[in-house]
Amino acid sequence: MLIDDFLNKHELKVTFITELKVDQETFVNKMKEISDINFKSKLLLVTDFMLSEKIKYVGYFSKNQAELRERTFPYKRFRAISTIKLNYKYQEKMLHVRTDIQGISYLRFILSSFILTLLLILCFLLLFELEFLPLFLFVVIGYFYVFLSFKYSKANVQRIKDELIEYYKKIEKQHNNL
């Protein structure tokens, strides 16, 4: 898909596979410790501030996968919601965890592109009347609306990836010490 290629190229979507020496039940239970499965709806983002401090993710778990989103309040404001999809499979005494982190939703990406295109067309039409101002306006709006949003999303994806890798190592270390 064209959007996926763009997101992967600009590191707004990251996929990595981790192998852990831990059983699936232990992994899921440890992941549930830092997530809340009661608030599934993205419409109820305001309820995030009522969760415990140790809860970092909100979502659901099923037999071989989990879909989470990062807790929004009070940590993140005015940023795109990052989604995390975990697919795990226990094979040959190893748990294989495929983690997909997407820093910006498809809808927000398409909407941002559409608004930027409309602004470019408007600036092009105004260019014949006002000469310099529309081009400057397009650059300023494009910078704040698209570039900063993508920059924050990219940094957020990398931060989540680093946090999850560390947490996976912590789960494995705790399990092996038992």
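Note that the structure is a prediction, hence the values are computed from the model and not measured.

Rules used in this analysis
- Residues numbered from 1 in each chain as written.
- Predicted model: local features only at pLDDT ≥ 70, side-chain atom pairs only at ≥ 80, totals over all residues.
- Heavy atoms only, no water.
- Buried < 20%, exposed > 50% of the residue type's maximum accessible area, 1.4 Å probe, protein only.
- Helix = DSSP H or I, 4+ residues; strand = E, 2+ residues; numbered from the N terminus.
- Arc of directions from axis to C-beta.
- Lys, Arg positive; Asp, Glu negative; His and termini not counted.
- Salt bridge = Lys/Arg side-chain N within 4 Å of Asp/Glu carboxyl O.
- Contact = heavy atoms within 4.5 Å.
- Pairing = 2+ DSSP bridges.
- Axes fitted to C-alpha atoms, helices over the stretch in contact; angles between N-to-C directions.
- Polar contact = N/O pair within 3.5 Å; in protein donor to acceptor, adjacent residues only side chain to side chain.

## Side note on helix H2 (residues 24–33)
- Among the residues of H2, Gln24, Phe27, Val28 and Met31 are the ones counted as buried. Summarising the axial view, the buried residues of H2 lie within an arc of 95°, below the 170-degree limit, and thus occupy one face.

## As for the side chain of Glu172
- Relative to the helices and strands, Glu172 resides in helix H4 (residues 133–177).
- Notably, Glu172 is buried but unbridged: the nearest opposite-charge side chain belongs to Lys21, and the N-O separation is 6.0 Å.
- The residues contacting Glu172, other than those within four sequence positions of it, are Glu19, Leu20 and Lys21.

## A look at the sheet that holds strand E2 (residues 35–36)
- Read across the open sheet, the 6 strands follow the order E1-E6-E5-E4-E3-E2; overall the sheet is mixed. Of all the strands in the sheet, the pair left with one neighbour each is strand E1 (13–20) and E2.
- In the sheet, E1 pairs with strand E6 (residues 94–102) via 8 bridges, with the strands oriented antiparallel. Bridging from a neighbouring strand, Val14 pairs with Ile101 of E6.
- Across the face of the sheet, H2 comes into contact with E1, E2, strand E3 (57–61), strand E4 (65–70), strand E5 (83–91) and E6 while running at roughly 160° to E5.

## Details of the side chain of Ser82
- Looking at the secondary structure, you find Ser82 in the loop between E4 and E5.
- Polar side-chain contacts of Ser82 include one of 2.6 Å to the side chain of Asn156.

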